[in-house]
Amino acid sequence: MTSTPQPPQGPAPTANAMRRALKRARDGVALDVTESAVLLQARGADLDDLCASAARVRDAGLEAAGRPGVITYSKSVFIPLTRLCRDKCHYCTFATVPGKLRRAGHGMFMSPDEVLAIARRGAELGCKEALITLGDRPEDRWPEAREWLEAAGYDDTIAYVRAISIRILEETGLLPHLNPGAMSWTDFQRLKPVSASMGMMLETTAERLWSEPGGPHYGSPDKEPAVRLRVLEDAGRSSVPFTSGLLIGIGETYEERAESLFALRRVSRAYHGIQELIMQNFRAKPDTAMRGMPDAELDDLVATVAVARHIMGPSACLQAPPNLVAGEYARLIGAGIDDWGGVSPVTPDHVNPERPWPQIDELAEQSAAAGFRLQERLAVYPDFVQRGEPWLDPRVLPHVRALADPDTGLANEHAEVKGLPWQEPEDVFVPSGRTELHRAVDTEGRTGDRREDFDEVYGDWEALREAAAPGMVPEKIDADVRAALAQAADDPTRLTDAEALALLHADGPALDALCRIADDLRRDVVGDDVTYIVTRNINFTNVCYTGCRFCAFAQRRTDADAYTLSLDQVADRAAQAWDVGAVEVCMQGGIHPDLPGTAYFDIARAVKKRVPDMHVHAFSPMEIVNGATRTGLSVREWLAAAKEAGLDTIPGTAAEILDDEVRWVLTKGKLPAATWIEVVKTAHELGIRSSSTMMYGHVDQPRHWLGHFRRLVEIQQETGGFTEFVTLPFIHTNAPVYLAGISRPGPTTRDNRAVMAMARLLLHPHITNIQTSWVKLGAEGAAEMLRSGANDLGGTLMEETISRMAGSSYGSYRSVRDLVAIAEAAGRPARARTTLYGEVPAERIAAAAASDGHLPELLPVLEE
């Protein structure tokens, strides 16, 4: 028998230390880790004192929430979708092996019929939550799990969870609360449209309990604390109401337990997405490696609840499972809980099968004896029900509203629990809002400099400021700039990272020399011609809830500047562009919550139907992931379908900086760097080429630019799919991250010249076309970039809303004559190109010349 050794606890806190910590708790002063570790050891009268102050904090929160004296629970059914797991937690009896399942007559997963039988029985008894719990990615460890999934037609466990959740919604009306273990950012996107909420216990941040042999989590890849914290952060980034918590008494010290609570507070503060925290006490079980460990004592649990209440504050929702405390309900209420969790009249607690649920009537009586009224809630907590978007997907929102009390967000105990269709929102492409914005942004401007939900939608600004600070610290540069310049002139492919960083910091005469070297290389590689493309941007909607903190384009559907185009309007704009000589439309939009994953196919088809020869350059990697997760297709399958619908190439936008240290400051919910890379590489493998981009000058440093360039080279060496690299200087004026006082006010002229020159040098010889952005830099700035290594001016655009909403002052359209003039200012000739840098047909050149500078009146979006 093996067991986890008892933690090496230090000496008990002194009486003075306990008195000081208790006084700070009573006075409402913020506690630190040391004080919290002291209070976790409170016993006797000290524990009573701690609980009294914790209860006052809880009561203040309930009063502020409009439900004083209320303790909640969820009437649920527990569905153990599979008990197979790739982890090997030493205390777990839930996880099993394929042989035991076969001997018991069970499949590797519960069948849909088995799941629905439980859910239907729950609905008959008034349950409203389907708690779906399962082991982590069992197909990675057990061939039998993989075989079951393949035979049933599912690519992975998450696909089955998604499919069964839809059936539960449609056939029973219960709201799925999903616990599939450690999920990726993409997993959240796949499951959010089919669930009301999700969860995963943090358990502990004590890494030694995972990394050291004999530890309770040793041999369990998904129990690494860094992995689990990343899951919690990805849930917040994805605006998923999320349940987490601690498992106490598994070998952690009091300091480690306190550190775990503070880690939960950091995530909750940053994203406002943790809907509840469970404080669960360890119970030793027979036939486990930890069967010899003592159970966590009740006093230990009570103290942990009370300390958690002080750390998390009055608005937090704290739960302790009532079936694990031997009837000591009053002590948990007194310590500061406000919820009993899921209680089922149908199914046992499959994780703790030896501990039956209490009867709901008993819970009500025990709560009343402590002065509280028991009320039913839904799987998703009242605050998130009332917040609505973006926390609840529009495909799930009708199911939630059918069961919720509209006034409180709690459960409507009289609601009929019945299945409702799970379907895409109707009338997605109905024109709405300020659809003339593409014109008016140049004449009237935007309505205001920020969204009305500025203080909530992007997360906690103060927490973000703290997170951004380390990445914005300049690094010391020791390399010799003169030697680096010599190497750049001789062979830029051999520049070391130290030399490249020295050049990225170059200024004065050194910067001038760097730009000359880059311009000479440009001349040798692509010649003197400055290329441009006659194109039109079509931003089909700006409704978006992703929460990118650099973006001033995104609006809520109710904001004054919000708009959505119809398919006909998209096609009309493409036809207008063709009439004036365009060879390409570039189409991107916000991540509108109502857009089905197939909407992008409809957009491409609409353009190709109206203008068959128009090149469709559309849909950023973020939009591609959004489309794939909403349709349930893989990225590869979705891209193949998009190509069939008419997609020709994709813009390499949404890259920003391919470094998550920077990305998670710039954006709350956009795809991680690794996912961006996966999407782009997959597109290239399918013959869908892309541009590449970098947005810089915000919370980044030259070391981040260097890393970004190196990653692009790696991708290009593997796929050869990039057509060009586009520099995107950050437009700060209306950017939320600037308005919040966190980012810099965009790049300097020095930054722009250095980035352009180094793009030419570091991407050589792999990406040979380097583009500058006149819409962000203006004519003079673009001409300077042409003298610093650029060979391409991008497009005429015709309309441009994204940069203009951010505060760019250089307009939305440049005629061919304008672009030629910019090239001439740099002493260079200009010529038109296609998206793939080919020759433009003479007919297109003639059409562009005939209408140059005389665009037709563009269609308004709102129709009388």
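Structure's up top.
Residues numbered from 1 in each chain as written. Predicted model: local features only at pLDDT ≥ 70, side-chain atom pairs only at ≥ 80, totals over all residues. Heavy atoms only, no water.

Novice: Describe in detail the overall build of the chain, supporting the description with residues and values.
Specialist: Secondary structure summary: the chain contains 35 helices and 20 strands in total. Whereas a compact globule of 864 residues would reach a radius of gyration of roughly 29 Å, the chain reaches 29 Å, a difference of no more than 12%. With the C-alpha coordinates aligned to their principal axes, the bounding extent of the chain is approximately 85 × 60 × 55 Å. Across the 864 residues of the chain, 63% fall into the buried class. (Helix = DSSP H or I, 4+ residues; strand = E, 2+ residues; numbered from the N terminus. Rg over C-alpha atoms; globule rule 2.2 N^0.38 Å. Buried < 20%, exposed > 50% of the residue type's maximum accessible area, 1.4 Å probe, protein only.)

Novice: Break down the packing of aromatic side chains for me, with residues and values.
Specialist: Counted by the stated rule, this structure contains 15 aromatic pairs. Between Tyr 696 and Trp 705, the aromatic rings sit 5.8 Å apart at their centres with planes inclined by 75°, giving edge-to-face as the arrangement. Given the relative accessible area of 0%, Tyr 696 is considered buried. Take Trp 705: its relative accessible area is 1%, and that puts it in the buried class. Ring pairing ties together the aromatic residues Phe 540, Tyr 600, Phe 601, Phe 619 and Trp 638, which thus form one cluster. Residue placement shows Arg 844 over the ring face of Trp 578; its charged tip is 3.6 Å from the ring centre. (Phe/Tyr/Trp six-rings, centres within 6.5 Å; stacked < 30°, edge-to-face > 60°. Lys NZ or Arg CZ within 6 Å of the ring centre and 35° of its normal.)

Novice: Go over the sheet that holds strand β12 (residues 535-539) with me, naming the residues and quoting the values.
Specialist: Reading across from one edge, β12-β14-β15 is the order of the three strands in this open sheet, with parallel pairing throughout. One side of each edge strand has no neighbouring strand; the edge strands of this open sheet are β12 and β15 (615-618). Each adjacent strand pair in this sheet contributes to an overall mean axis angle of 25°, direction not counted. Across four bridges, strand β14 (residues 584-588) lies against β15 in parallel orientation. The residue of β15 that forms the bridge with Val 585 is Val 616. Packing against the sheet, helix α23 (residues 567-579) makes contact with β12 and β14, and its axis sits at approximately 170° to β12. (Pairing = 2+ DSSP bridges. Axes fitted to C-alpha atoms, helices over the stretch in contact; angles between N-to-C directions. Contact = heavy atoms within 4.5 Å.)

Novice: Now, about the nonpolar core: what can you tell me, with residues and values included?
Specialist: In this structure, Met 587, Trp 676, Phe 709 and Met 758 are the most contacted members of the largest nonpolar core, which totals 134 residues. Setting aside residues up to four positions removed in sequence, Phe 709 forms contacts with Met 694, Phe 725, Val 755, Met 758, Ala 759, Leu 762 and Leu 763. Counting residues in each nonpolar core, the second largest holds 117 residues, with Ala 130, Ala 296, Val 302 and Val 305 among its members. (Core = buried A, V, L, I, M, F, W, Y, C linked by side-chain atoms within 4.5 Å.)

Novice: With reference to specific residues and values, describe empty space enclosed by the protein.
Specialist: Any empty space left between the atoms is revealed when a probe the size of a water molecule rolls over them. By the definition in use, this model includes six cavities of 30 Å³ or more. In this structure, the second largest cavity encloses a volume near 340 Å³. Forming the boundary of the second largest cavity are 22 residues, of which Gln 189, Lys 192, Ser 238, Ile 591 and Arg 630 lie nearest the centre. Where the lining of the second largest cavity is concerned, the elements lending two or more residues are α8 (185-191) and α25 (621-631). (1 Å grid on protein atoms, 1.4 Å probe; cavity = no way out; pocket = protein on both sides within 12 Å on 5 of 7 lines; lining within 4 Å. Points joined across faces, edges and corners; volume = space filled by probe spheres on them.)

Novice: I'd like a rundown of unusual backbone geometry, residues and numbers included.
Specialist: Residue Pro 390 follows Glu 389 across a cis peptide bond; omega there is 0°. The residue Pro 390 is located in the loop between α15 (382-387) and α16 (397-403) in this model. Residues His 764 and Pro 765 are joined by a peptide bond in cis, for which omega reads 0°. Inspection of the secondary structure puts Pro 765 in the loop between α31 (749-762) and β18 (770-771). One non-glycine residue with positive phi stands out, namely Glu 203, at about 75°.

Novice: Quick rundown of a negative patch on the surface? Include the residues and the values.
Specialist: Taken together, the side chains of Glu 147, Glu 150, Asp 155 and Glu 637 make up a negatively charged region of the molecular surface. By the element assignment, Glu 637 lies in helix α26 (residues 635-645). (Patch = residues over 30% accessible without salt bridge, like charges linked within 9 Å, V, L, I, M, F, W, Y side chains within 5 Å. Areas by Shrake-Rupley, 256 points an atom, 1.4 Å probe, with all protein chains shown as cover. Salt bridge = Lys/Arg side-chain N within 4 Å of Asp/Glu carboxyl O. Lys, Arg positive; Asp, Glu negative; His and termini not counted. Charge placed at Lys NZ, Arg CZ, Asp CG, Glu CD.)

Novice: Tell me about the packing of helix α5 (residues 112-124) against helix α7 (residues 157-171), and please be specific about residues and values.
Specialist: Orientation of α5 relative to α7, taken along the N-to-C sense of each, is 40°, at an axis distance of 10 Å. What the angle tells us is that α5 and α7 run oblique. Seen from above, α5 lies across α7 with right-handed handedness. Together, Pro 112, Val 115, Leu 116 and Arg 120 of α5 and Tyr 160, Ile 164, Arg 167, Ile 168 and Glu 171 of α7 make up the contact between the two elements. When its residues are assigned to classes, the contact of α5 with α7 shows six nonpolar, no polar and three charged. (Parallel < 35°, antiparallel > 145°, perpendicular 65-115°, else oblique. Left-handed = near helix turned anticlockwise from the far one by under 90°. Nonpolar A, V, L, I, M, F, W, Y, C, P; charged D, E, K, R; others polar.)

Novice: Which residues make up the packing of helix α29 (residues 702-719) against α31, and what values go with them?
Specialist: Here α29 crosses α31 at 25°, and the two axes come no closer than 11 Å. Put simply, α29 runs roughly parallel to α31. At the point where α29 passes α31, the crossing takes the right-handed sense. For the pair α29 and α31, contact is made by Trp 705, Leu 706, Phe 709, Arg 710 and Val 713 and by Arg 750, Asp 751, Val 755, Met 758, Ala 759 and Leu 762, respectively.

Novice: An account of helix α1 (residues 15-27) is requested, with residue identities and associated values reported.
Specialist: Between its terminal C-alpha atoms α1 stretches 18 Å, which fits the 18 Å expected from 13 residues at 1.5 Å a residue. When we look at burial in α1, the residues that qualify are Ala 17, Met 18, Ala 21, Leu 22 and Ala 25. Around the axis of α1, the buried residues are gathered within 125° of arc, so they sit on the same side. Along α1, the residues that are exposed and aim more than 90 degrees away from the buried face are Ala 15, Arg 19 and Arg 20. In this fold, the buried residues of α1 make contact with α2 (33-39), α3 (45-65) and α12 (298-312). Remark: Gly 28 follows α1 within two positions and exhibits a positive phi of approximately 75°. (Expected span 1.5 Å × (residues − 1). Arc of directions from axis to C-beta.)

Novice: So what's going on with the side chain of Thr 72? Which residues, and what values?
Specialist: In this fold, Thr 72 is placed in strand β1 (residues 70-82). In this view, Thr 72 contacts Asp 338, Asp 339, Trp 340, Gly 341, Leu 374, Gln 375, Arg 377 and Leu 410; residues no more than four positions away in its chain are not counted.

Novice: Any chance you could break down the pairing of strand β3 (residues 175-179) for me, citing the residues and the numbers?
Specialist: Among the five residues in β3, five count as buried, and that is most of the element. As judged from the five bridges shared by strand β2 (residues 129-134) and β3, these two strands associate in the parallel manner. Among the inter-strand pairings, Glu 129 is bridged to a residue of β3, identified as Leu 175. Bridge analysis of β3 against strand β4 (residues 197-199) gives two bridges, and the strand direction is parallel. When the bridges of β4 are listed, His 177 appears paired with Ser 197. The handedness of the β3 to β4 crossover, carried by α8, is right-handed. (Right-handed = clockwise from strand over helix to strand, strands pointing away.)

Novice: Describe the state of the cysteines, and please don't skip the residues or the numbers.
Specialist: One pass over the full model with this rule turns up zero disulfides. Left without a disulfide partner, Cys 548 is nearest to the cysteine sulfur of Cys 551, which lies 6.1 Å away. There is no disulfide at Cys 586, and the cysteine sulfur nearest it, in Cys 551, is 15 Å away. Residue class for Cys 586 comes out buried when judged on its relative accessible area of 12%. (Disulfide = S-S within 2.5 Å.)

Novice: Let's hear about the side chain of Ser 197: which residues, and what values?
Specialist: Secondary-structure assignment places Ser 197 in strand β4. Engagement of the side chain of Ser 197 in a polar contact is seen with the backbone oxygen of Ala 379, the distance being 3.3 Å. What Ser 197 contacts, discounting residues up to four positions off in sequence, is Pro 176, His 177, Leu 178, Pro 241, Gln 275, Ala 379 and Val 380. (Polar contact = N/O pair within 3.5 Å; in protein donor to acceptor, adjacent residues only side chain to side chain.)

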